[in-house]
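# A closer look at the structure
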Amino acid sequence: MCFVCHGAEGKGDGPASKATPTIPSDLSDATRAGLLSDADRFAVMRNGIPGTSMPASGANLNDTQIWRILAYVETLSQQ
């Protein structure tokens, strides 16, 4: 689900990124990674961001799955 906008390496350059009204976040940017708390990142994944292309995932993913995705996303900024 994330790849379509964020791309394989999380850089915000996925195949649909140019067709979205807002530029997808570069999840590999270490500076950006420190801007939100874990709870804030969880809320973004679960609830989406109104007014942007970031959809809510809470209906498709349970809390454990969201935390696992967030753990993976964290590794993208450490490479």
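Just above sits the structure.
One structure accompanies this document, and this report is about it.

### Re helix H4 (residues 63-76)
Compared with an ideal rise of 1.5 Å per residue, which puts 14 residues at 20 Å, H4 spans 20 Å between its outermost C-alpha atoms and is within 8% of the ideal. All buried positions along H4 are accounted for by Ile 66, Leu 70, Val 73 and Leu 76. Seen along its axis, H4 keeps its buried residues to an arc of 95°; they face one direction. On its buried face, H4 is in contact with helix H3 (38-47). One side-chain oxygen of the residue at the start of H4 lies 3.0 Å from the amide nitrogen of Thr 64, identifying that residue as Asn 62.

### So, the layout of surface pockets
Empty space among the atoms becomes apparent when a probe as large as a water molecule is rolled across them. Taken as a whole, the largest pocket spans an internal volume of roughly 740 Å³. Lining the largest pocket are 32 residues; nearest its centre among them are His 6, Leu 27, Arg 32, Val 44 and Met 54. Among the secondary structure elements, those contributing two or more residues to the lining of the largest pocket are helix H1 (3-6), helix H2 (30-33), H3 and H4. Among the elements that line the lining of the largest pocket, the one with the most residues is H4, at five residues.

Parameters and conventions
- Residues numbered from 1 in each chain as written.
- Predicted model: local features only at pLDDT ≥ 70, side-chain atom pairs only at ≥ 80, totals over all residues.
- Heavy atoms only, no water.
- Helix = DSSP H or I, 4+ residues; strand = E, 2+ residues; numbered from the N terminus.
- Expected span 1.5 Å × (residues − 1).
- Buried < 20%, exposed > 50% of the residue type's maximum accessible area, 1.4 Å probe, protein only.
- Arc of directions from axis to C-beta.
- Contact = heavy atoms within 4.5 Å.
- Polar contact = N/O pair within 3.5 Å; in protein donor to acceptor, adjacent residues only side chain to side chain.
- 1 Å grid on protein atoms, 1.4 Å probe; cavity = no way out; pocket = protein on both sides within 12 Å on 5 of 7 lines; lining within 4 Å.
- Points joined across faces, edges and corners; volume = space filled by probe spheres on them.

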